[in-house]
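Here's the letter readout for the chains.
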Amino acid sequence: MRRVRGTRTDRFGLVRPQLDAHTLGITSVAQLLRDCGYHVIVADATASEAFGFPEDPARGAVIEHWLLDNQIDVLCFSYRLNPADGAALVSRLVGELKRRRLFAVDGGAVKALHFAGLPETCRMVRERNPEVGGIFVGDETPAETLRMLGIETEILPKDLLKGMAYDEDRLSFGKELIEKGEYLAVRPIDRSGCGGYGTGADRLESRIQYGIDHRMPPLTRAHVGPYLPDRAEAVRLFLQWTRELAASGLLDVLSIGTSQLTQSNFGEDWGDKPNGGGVPLNSKEEFAAVWQAARPMLVRSYAGTKNIVSLARMYEEAISIAWHALSLWWFCRIDGRGPYSVRENLEEHFETLRYIASTGKPFEPNVPHHFAFRGSDDVTYIVSAFVAAKVAKSLGVRLLVLQNMLNTPKYTWGVQDLAKSRAMLQLVRELEDDGFRVVLQPRGGLDYFSHDLDRAKAQLAAATALMDDIEPHNTNSPAIIHVVSFSEASHLADPPTVNESIQITRHALEAYRKLRRKGEIDDMSLHPEVLSRTAELVSDARVVIEAIESSIRNPYTPEGLYRILSSGFLPIPYLWECKEEFHRAAEWQTRLIRGSVKVVDEHGIPISASDRMRFVTKSERSIPEEYS
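### Brief notes about helix 20 (residues 558–566)
Logical step 1: Here helix 20 lies mainly inside the structure; 8 of its 9 residues are buried.
Logical step 2: Restricting attention to buried positions, one finds in helix 20 the residues P558, G560, L561, Y562, R563, I564, L565 and S566.
Logical step 3: Phi for G568, located one or two positions after helix 20, is positive at around 95°.

Printed below as a string of structure tokens:
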């Protein structure tokens, strides 16, 4: 079926079979279409069940009635499970729609059928079913999605177009940069003049200041960690990779991608326990060997999920860790990553933070994106970062590495990412004084990158442009870039992939800044939607912070952080574990609205921060003071 030009009166039907639990894509497309003024019907449970077995006569009848009763013009079908099963299901669905003469070419009402699925499923559907029009693998921009659905941009609301244009322009910038290939000429930066360079006395603060003084690009950090079934062979391979990265000179900070067992059972006999991926280091000596192989890079690693303080001490001794990272509420039973309850985890993390402060090393709150992974709204992302920063400062940490995972969820629009980033920076930087400083470390989103490597490279360049637009007139920001390799959706990043990703990132940053100096890109510091959304987010975050501080006694303690989550101040609707314990946080609903994530009521209408806090503080007063 050829792609059909849409009309303003089209009615869209969005469906996934009941056995496929992946709903975020459907939800985001539905909201995008509604933002454009279209009528959208998302299949209910009965219809979803029927679409899983279209060849069954009774279920085929349910499908037919659902299409006719809802006057569906454009049918969008999603399946993100097994590729072979998905392709076969689409073929059966197409056959049943043709048999019942439901396509417009056969006299029916359905003038277009579109499909969204895994890349391999999409390939098979494209080969087998010419009746299917747009085929979506999940890496499309909002504007690309609309075009593939047959919706022309000239009929869209102007404010919607402006919001989407920023993402389109950055992706075009990225595509052109990759096509030219000039990024391959990027060479290492000589930072050897920095005091203590490559020794145990080397420090992140010194590297940052040296770069500022000598007008160098940001420090680059990359996460690396191969896994092989044979533990000893995996460690040998990682040491080889580490030496290769050190020799190339492009990477400044090696982040060791340790295995789950390294984090949860360090120094123990692992026996036949599943590893969970990552490099399986299991002794202080192995970490020390990594540090030696990494000269002159700075080195850091994941925190533990058990015996967290002792592992942090080992990192200091073995790798002179560049900075520590903790996740406070996370990496415990609440997400299946560790043995501690949330209460125990917070106690252990506070003790570890006291130790980190005693070393004088920086701290990275590995926090906000874990809320975003579980469906939190943009305000919660910001507030969780502020709370983590205030805790760190209260315990004596002097330098905070503020990680900011962009494109999370991946349907977030760039203008919304800028507003969220600026609001978070503004509030956290208000904590700065002579004894506490904040440096920004942005990164691309975990599920943002395409399986198509050329497109993923362009996305990496586009994400780099987004990072630079957070503070577009500050050449010293960001201080650190966490470079997510372009192969994220395709395969594990080896040294050549890591190095090429760094080359793309550094060249994109330089090229984008050059375009800004020449006035050939928009000055995003003046973008009206970004400015208004930033102000809104700052205001709403202040409302939440004030409510926390006025209703919870000693909020920046383990007890306080536990109550912040258990009382529902920080919505996490996609929470899977500990749902009963944190039901107040999990019961909130959120929705993507024009590329942002907001808390909504049962009708999908956004709830103001003030109204939400009135409800939460009233509920919080009903919880006993004892948290044990």
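Further notes follow.
### Considering the packing of helix 7 (residues 158–180) against helix 18 (residues 495–517)
Logical step 1: Across the interface, helix 7 lies against helix 18 with an axial gap of 11 Å and an inter-helix angle of 120°. Classified by the angle between their axes, helix 7 and helix 18 sit oblique to one another. For the pair helix 7 and helix 18, the crossing hand works out as right-handed. Facing helix 7, whose interface residues are Y166, R170, F173, L177 and I178, helix 18 presents I504, H507, A508, A511, Y512 and L515.

### Points about the packing of aromatic side chains
Logical step 1: One pass over the structure, following the stated rule, counts 13 aromatic pairs.
Logical step 2: When the centroid spacing of 5.4 Å and the interplanar angle of 85° are considered together, the rings of F12 and Y38 count as edge-to-face. One end of the pair, F12, is in strand 1 (residues 11–15); the other, Y38, is in the loop between helix 1 (24–35) and strand 2 (39–42), with 26 residues separating them in the sequence. You'll find F12 and Y38 in the same group, each marked buried.
Logical step 3: Of note, R170 hangs over the ring of Y166, and the distance from its end group to the ring centre comes to 4.7 Å.

### Remarks on the pairing of strand 4 (residues 112–117)
Logical step 1: Taking burial as the measure, the 6 residues of strand 4 include 6 buried ones, the bulk of the element.
Logical step 2: Because side chains alternate across strand 4, one face comprises the buried residues A112, H114 and A116, and the other comprises L113, F115 and G117, equally buried.
Logical step 3: Here 6 bridges tie strand 3 (residues 74–79) to strand 4, and the two strands are oriented parallel to one another. In the sheet register, V74 faces strand 4, and the bridge partner there is A112.
Logical step 4: Crossover handedness for the path strand 3 to helix 4 (residues 83–99) to strand 4: right-handed.

### Side note on the nonpolar core
Logical step 1: Membership of the largest hydrophobic core comes to 155 residues, with the highest contact counts inside it found for F12 and W329.
Logical step 2: Counting residues per element, this core draws most heavily on helix 15 (residues 378–394), which supplies 11 residues.
Logical step 3: Those residues in contact with F12, other than ones at most four positions away along the chain, are L33, Y38, H39, V40, I41, I72, V74, C76, L149 and I151.
Logical step 4: Among the nonpolar cores identified, the runner-up in size contains 30 residues, and V15, V90, M124 and V137 belong to it.

### Regarding the state of the cysteines
Logical step 1: Across all of its chains, the model carries 0 disulfides by this definition.
Logical step 2: Summary of cysteine pairing: C76 is not part of a disulfide, and the nearest cysteine sulfur, belonging to C36, is at 13 Å.
Logical step 3: Note on C76: relative accessible area 12%, which makes it buried.
Logical step 4: Just so you know, C332 is unpaired, no disulfide at all, and the nearest cysteine sulfur is the one on C578, 6.9 Å from it.
Logical step 5: Overall, C332 belongs to the buried group, its relative accessible area being 0%.

### Topic: the packing of helix 9 (residues 231–248) against helix 11 (residues 284–293)
Logical step 1: The geometry of helix 9 relative to helix 11 is characterised by a closest axis approach of 8 Å and an angle of 25° between their N-to-C directions. When the interaxial angle is binned, helix 9 and helix 11 end up roughly parallel. In this structure, helix 9 meets helix 11 at a crossing whose hand is right-handed. Of helix 11, the residues touching helix 9 (which contributes R231, V235, F238, L239, T242, R243 and A246) are E286, A289, V290 and A293.
Logical step 2: Across the contact of helix 9 with helix 11, the residue classes tally to 7 nonpolar, 1 polar and 3 charged.

### A few points about the pattern of salt bridges
Two side chains that carry opposite charge are able to pair once their charged atoms sit near each other.
Logical step 1: This model, assessed by the stated rule, comprises 40 salt bridges.
Logical step 2: Close ionic contact of R59 with E49 constitutes a salt bridge, the shortest N to O distance being 2.7 Å. In this pair, R59 sits in helix 3 (residues 57–69) while E49 sits in helix 2 (residues 45–51), placing the two residues 10 residues apart along the sequence.
Logical step 3: A salt bridge links E549 to K390, with the shortest nitrogen-to-oxygen separation between them at 3.0 Å. Here the residue E549 occupies a position in helix 19 (residues 528–551), and K390 occupies one in helix 15, the gap between them amounting to 159 residues.
Logical step 4: Take K390: its relative accessible area is 26%, and that puts it in the partly exposed class.

### Concerning the pairing of strand 3
Regular strands have side chains that alternate between both faces of the sheet.
Logical step 1: Of all 6 residues in strand 3, 6 are buried, a share of seventy percent or more.
Logical step 2: The two faces of strand 3 match: V74, C76 and S78 on one face and L75, F77 and Y79 on the other face are all buried.
Logical step 3: With 4 bridges connecting them, strand 1 and strand 3 associate as parallel partners. Within the sheet, the bridge partner assigned to V15 lies in strand 3 and is F77.

### A few points about the side chain of E286
Logical step 1: Of note, E286 is situated in helix 11.
Logical step 2: When neighbours within four sequence positions are excluded, E286 is seen to be in contact with R231, V235, P280 and L281.

### Remarks on the side chain of S259
Logical step 1: Mapped onto the elements of the fold, S259 is located in the loop between strand 7 (253–256) and helix 10 (260–264).
Logical step 2: Only 3.0 Å separates the side chain of S259 from the side chain of T262, close enough to count as a polar contact.
Logical step 3: Setting aside residues no more than four positions away along its own chain, S259 makes contact with W270, N275, G277, G278, V279 and P280.

### Some remarks on the sheet that holds strand 4
Logical step 1: Across the sheet, 5 strands lie side by side as 2-1-3-4-5; this open sheet has parallel pairing. Looking at which strands have only one partner, the edges of the open sheet turn out to be strand 2 and strand 5 (135–136).
Logical step 2: Strands in contact with helix 4 are strand 3 and strand 4; relative to strand 3, the strand with the most contacts, it is inclined by about 155°.

### So, the environment of W66
Logical step 1: Tracing the backbone shows W66 in helix 3.
Logical step 2: Residue classification places W66 among the buried positions, given a relative accessible area of 9%.
Logical step 3: The spacing of W66 and G604 is 538 residues in sequence and 23 Å in space, taken between C-alpha atoms.
Logical step 4: Aside from chain neighbours lying at most four places away, what touches W66 is G13, L14, V15, I41, V42, A43, A47, F51, I72 and L75.

### Remarks on the environment of Q209
Logical step 1: On the secondary structure map, Q209 appears in helix 8 (residues 204–213).
Logical step 2: Judged by relative accessible area, which is 38%, Q209 ranks as partly exposed.
Logical step 3: Sequence separation of Q209 and C194 is 15 residues, and the distance between their C-alpha atoms is 8.8 Å.

Conventions adopted
Residues numbered from 1 in each chain as written. Predicted model: local features only at pLDDT ≥ 70, side-chain atom pairs only at ≥ 80, totals over all residues. Heavy atoms only, no water. Buried < 20%, exposed > 50% of the residue type's maximum accessible area, 1.4 Å probe, protein only. Helix = DSSP H or I, 4+ residues; strand = E, 2+ residues; numbered from the N terminus. Axes fitted to C-alpha atoms, helices over the stretch in contact; angles between N-to-C directions. Parallel < 35°, antiparallel > 145°, perpendicular 65-115°, else oblique. Left-handed = near helix turned anticlockwise from the far one by under 90°. Contact = heavy atoms within 4.5 Å. Phe/Tyr/Trp six-rings, centres within 6.5 Å; stacked < 30°, edge-to-face > 60°. Lys NZ or Arg CZ within 6 Å of the ring centre and 35° of its normal. Pairing = 2+ DSSP bridges. Right-handed = clockwise from strand over helix to strand, strands pointing away. Core = buried A, V, L, I, M, F, W, Y, C linked by side-chain atoms within 4.5 Å. Disulfide = S-S within 2.5 Å. Nonpolar A, V, L, I, M, F, W, Y, C, P; charged D, E, K, R; others polar. Salt bridge = Lys/Arg side-chain N within 4 Å of Asp/Glu carboxyl O. Polar contact = N/O pair within 3.5 Å; in protein donor to acceptor, adjacent residues only side chain to side chain.

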